[in-house]
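Notes for the structure review
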2 protein chains.
Amino acid sequence: MEKIFNPKKNTWIEILKRPTKEFAEVESTVTQIFSEIEQFGDKAVNNYTKKFDKAELSDLLVSEKEISDASNLVSDNLKEALKVAKANISKFHESQKVVIKPIETTSGVICWQETRAIEKVGLYIPGGSAPLFSSVLMLAIPAKIAGCEEIILCTPPDSKGKINPAILYAADLVGITKIVKAGGIQAIGALTFGTESIAKVDKIFGPGNQFVTTAKQVATKYGVSIDMPAGPSEMLVLADSSAKASFVASDLLSQAEHGGDSQVILVSTDKDLIAETEKEVEKQLAVLSRRDIAQLAIDNSKLIYVEDVDTAIELSNEYAPEHLIIATEDFEKVALKVKNAGSVFLGNYTPESAGDYASGTNHTLPTNGYTKSYSGVNLNAYYKTITFQKISKEGLKNLGSTIEIMAAAEGLDAHKNAVSIRLK
Amino acid sequence: MEKIFNPKKNTWIEILKRPTKEFAEVESTVTQIFSEIEQFGDKAVNNYTKKFDKAELSDLLVSEKEISDASNLVSDNLKEALKVAKANISKFHESQKVVIKPIETTSGVICWQETRAIEKVGLYIPGGSAPLFSSVLMLAIPAKIAGCEEIILCTPPDSKGKINPAILYAADLVGITKIVKAGGIQAIGALTFGTESIAKVDKIFGPGNQFVTTAKQVATKYGVSIDMPAGPSEMLVLADSSAKASFVASDLLSQAEHGGDSQVILVSTDKDLIAETEKEVEKQLAVLSRRDIAQLAIDNSKLIYVEDVDTAIELSNEYAPEHLIIATEDFEKVALKVKNAGSVFLGNYTPESAGDYASGTNHTLPTNGYTKSYSGVNLNAYYKTITFQKISKEGLKNLGSTIEIMAAAEGLDAHKNAVSIRLK
């Protein structure tokens with residue numbers, strides 16, 4: 001782990017640089033696959049599933065039998081845990097419902113906002129080494145609360161054409177009925193253009209590797225919106241002498257085990273904590289089942305010493321981490337100074353993994369510095385907001401001349417006339 | 001105007017089709033200009049301003065003197081109107097502030113959301129035939145309310161290097177101090193990469209032609225986010241026999257005068273209203289200063305008869321208009337059935353131009369069907385939402401096993417360990 005002491009401010013951007021991605025290279029592959037899906041629909045999706053996932057499918061959709069079979073393959077323990085997680089995630093996302101407050105801006109002129117669910121959404125759940133059933137809960141629960149009419153979940157099958165039972169169980173638990181066996185670029189393409197068995201959606205959600213991420217970005221050219229551009233997971237721990245090295249190390253490692261390209265940074269005002277954390281990381285790492293992956297991420301990680309907590313939070317805001325743990329004595333005060341972060345974990349007993357699974361917050365968060373302008377997935381991500389206005393005859397009399405003067409000054413006569421003709 | 005009676009549902013998509021845009025062609029121009037700006041900064045911006053706007057600039061930034069001079073060139077009438085509009089827009093956007101509601105999802109586990117202003121935002125105001133000072137108010141007022149730290153307004157100069165005084169006055173009125181004389185692709189490029197005199201921003205807002213729109217979309221590849229993909233303006237009027245043909249015609253024309261590519265659609269349950277509106281359009285059009293532009297849009301517009309209001313609103317939801325006027329007897333009931341629209345105008349005395357200028361709602365709205373998944377610009381567009389969680393020792397005891405079981409089942413030992421080590 002690279003240790004950096006008191007870095008000068010003009011070096012921060014360089015120190016905090018993330019590895020670059022090659023967007024252009026992947027983009028031409030995406031464009032090619034998209035054009036085949038647009039033309040040939042399900043057939044093209046199946047061809048790519050055969051090519052990339054080595055699976056030959058008779059049906060793109062998961063059957064009811066597969067879902068009921070899955071339930072028998074999931075342990076009671078895990079079922080119970082999923083129910084607790086579901087309850088907490090539901091509670092937190094329910095609490096995000098907005099209240100409509102009509103405002104009378106001028107006498108007789110009433111304005112307000114209303115939210116409406118996005119009608120058709122696609123949820124992407126990656127395959128790969130870990131079956132991310134937790135992401136099923138995170139993406140589907142707010143979609144159900146918002147009331148999206150069509151929710152389509154895509155996830156790649158294994159080479160036998162099967163989906164992990166825990167993913168199927170989680171989907172069933174939250175009421176998802178349409179599960180498509182497709183992953184990668186072909187899944188995003190199917191959701192973008194629609195095929196015989198998959199509806200064209202309005203918005204695509206979910207994490208994925210660089211192929212999925214690029215495909216989502218390209219999809220925005222075709223009238224689909226996306227939750228956010230995703231990237232490798234990352235965490236910054238901000239700690240003073242009140243933090244415990246063993247806890248900090250366990251948090252850094254929980255992020256590091258996601259992938260070799262994950263990034264973890266410790267910023268601390270305590271040199272001893274830095275030294276102890278480094279030792280603890282080594283100790284805990286040795287016994288992890290995913291130690292090879294975690295080691296790669298740890299090799300790229302940084303331990304940064306700064307003189308005070310104010311500098312530490314400023315540096316964190318510059319990095320704009322996906323996950324931010326604040327383990328300082330006065331964490332409540334430091335929290336107020338957070339400008340850019342996806343999800344923040346306060347104090348010594350709030351591990352990041354709590355947010356990954358069950359505290360109730362969403363774990364689908366912006367990475368790669370995008371927390372500077374994007375929010376994580378929340379209830380609002382499944383809604384769009386529509387403004388309404390209702391003006392009485394009296395109200396138009398009050399506001400009319402303002403509109404007429406401005407319209408005339410912009411040279412837009414017809415805009416003016418729409419008022420004048422009503423006031424006559 | 002094309003008249004369509006009782007179209008079958010399977011023809012709706014075809015009838016409601018918008019003209020397609022050529023994204024790919026413009027994209028290569030954008031990429032070229034962006035790469036020059038990334039390399040040569042201000043110099044490249046100035047070169048393109050000379051090329052496209054025919055202006056040779058000594059300074060990219062508007063000076064204080066230019067702003068104070070502008071005030072003398074704006075009529076008192078217009079100043080007063082701008083102040084009324086500012087007050088209403090401010091009131092409505094202030095009312096959109098969210099309340100933080102912490103939730104205890106499990107005993108000892110507290111979760112909440114907080115909003116933070118996006119630090120650096122770029123606001124784009126098009127040049128061209130109409131000086132859109134109203135867009136200055138619409139984009140800058142919520143940015144100021146949100147508390148964005150750096151707000152940069154870009155707008156193209158005329159061939160003498162000047163900006164319209166009403167735009168400068170409006171910017172000054174709402175407290176914008178940094179105004180850049182740059183438009184088109186070069187302005188978006190400067191905001192994306194930053195130059196000597198323009199800061200790299202986190203998010204770009206504002207309308208524009210297809211060059212600006214494509215540039216904004218390309219900018220998202222470089223870590224910048226955007227308000228929405230913009231397109232030609234559009235309106236759908238949903239009217240029954242309670243509507244007045246002259247009012248409806250004035251609204252259709254106010255939309256049509258924006259540009260030859262604007263789209264206006266009347267959907268009505270009253271054949272007489274359709275016939276009268278057509279006559280009224282002809283009559284009112286004849287005396288408009290922008291009649292040539294409006295005529296082009298009117299030529300492409302549609303008058304659609306359907307048998308009942310339910311069918312009308314269903315058709316409107318399929319079209320997903322930017323602006324929707326509901327002029328029916330029971331407009332309150334119909335409003336509840338709106339699924340997709342940017343801004344909705346209720347009753348006979350709520351012309352769309354009220355929302356363009358002064359009702360208080362924002363006129364920066366999604367077009368081209370994007371109201372299916374995007375919101376218009378509102379206060380929320382200048383914030384990102386950060387989730388926080390704070391777990392007590394007791395709370396972690398309550399939730400710990402849920403996290404441990406799920407982490408283990410996803411094969412993520414280190415995630416489990418971050419809990420186990422704390423519970424020891």
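For the structure, check the block above.
The sections below set out a description of the structure shown in this document. What you see is a predicted model; the values in this text were computed from it and never measured.

1. Things to note about the interface of chain B and chain A
- Taken together, the 119 residues of chain B in the interface contact 119 residues of chain A.
- Taken together, both faces of the contact between chain B and chain A bury some 10200 Å²; the carbon and sulfur share is 57%.
- In terms of surface lost to chain A, no three residues of chain B exceed B:Y349, B:E410 and B:R422, which account for 8% of the buried area on that side.
- For the interface between chain B and chain A, the tally reads ten salt bridges.
- Our count for the chain B to chain A interface comes out at 87 residue pairs in polar contact (both at pLDDT 80 or more).
- Of the residues assigned to the side of chain B that touches chain A, the class counts are 52 nonpolar, 42 polar and 25 charged.
- Looking at chain direction, strand β14 (residues 383-391) of chain A and strand β13 (residues 343-346) of chain B are connected through four bridges and run parallel. Opposite A:T387, over in β13(B), you have B:S343 as the bridge partner.

2. Quick look at the packing of helix α10 (residues 245-256) of chain A against helix α11 (residues 271-285) of chain A
Residue and element names in this part refer to chain A.
- The interhelical angle for the contact between α10 and α11, taken along N-to-C directions, is 55°, at an axis separation of 8 Å. Overall, the two elements α10 and α11 adopt an arrangement that is oblique. You can see that α10 and α11 cross each other, and the crossing is right-handed. Packed against α10, whose contacting residues are A245, S246, V248, A249, S250, L252 and L253, the element α11 presents L273, E276, T277, E280, V281, Q284 and L285 at the interface.
- Split into classes, the residues belonging to the contact of α10 with α11 amount to eight nonpolar, four polar and two charged.

3. Overview of the sheet that holds β13(B)
- Within the open sheet, the nine strands sit side by side as β2(A)-β3(A)-β14(A)-β13(B)-β12(B)-β9(B)-β10(B)-β11(B)-β1(B). Their pairing is mixed. What marks the edges here is a single partner per strand, and that holds for β2 (103-106) of chain A together with β1 (2-5) of chain B. Averaged over all neighbouring strand pairs, the angle between strand axes comes to 20°, with direction disregarded.
- Note: strand β3 (residues 109-117) of chain A against β14(A), nine bridges, orientation antiparallel. Among the inter-strand pairings, A:I110 is bridged to a residue of β14(A), identified as A:K390.

4. Digging into the pattern of salt bridges
- The tally for this structure, following the rule as stated, stands at 42 salt bridges over all chains.
- For B:K17, the salt bridge identified is with B:E14, shortest N-O distance 3.4 Å. Pair check on accessibility: B:K17 and B:E14 agree, each one exposed.
- Here B:E66 ties to B:K181 by a salt bridge, and the two come within 2.8 Å at their closest N and O atoms. Remark: B:K181 occurs in strand β6 (residues 178-181) and B:E66 occurs in helix α4 (residues 64-73); sequence separation between them is 115 residues. Exposure class is identical for B:E66 and B:K181. Each is buried.
- By sharing partners, the salt bridges in this structure join A:E27, A:K221, B:E27 and B:K221 into a single network.

Analysis parameters
Residues numbered from 1 in each chain as written. Chains lettered and ligands numbered in written order. Predicted model: local features only at pLDDT ≥ 70, side-chain atom pairs only at ≥ 80, totals over all residues. Heavy atoms only, no water. Contact = heavy atoms within 4.5 Å. Buried area = accessible area lost by both parts, 1.4 Å probe. Salt bridge = Lys/Arg side-chain N within 4 Å of Asp/Glu carboxyl O. Polar contact = N/O pair within 3.5 Å; in protein donor to acceptor, adjacent residues only side chain to side chain. Nonpolar A, V, L, I, M, F, W, Y, C, P; charged D, E, K, R; others polar. Pairing = 2+ DSSP bridges. Helix = DSSP H or I, 4+ residues; strand = E, 2+ residues; numbered from the N terminus. Axes fitted to C-alpha atoms, helices over the stretch in contact; angles between N-to-C directions. Parallel < 35°, antiparallel > 145°, perpendicular 65-115°, else oblique. Left-handed = near helix turned anticlockwise from the far one by under 90°. Buried < 20%, exposed > 50% of the residue type's maximum accessible area, 1.4 Å probe, protein only.

By themselves, these are just geometric observations and shouldn't be taken as functional.
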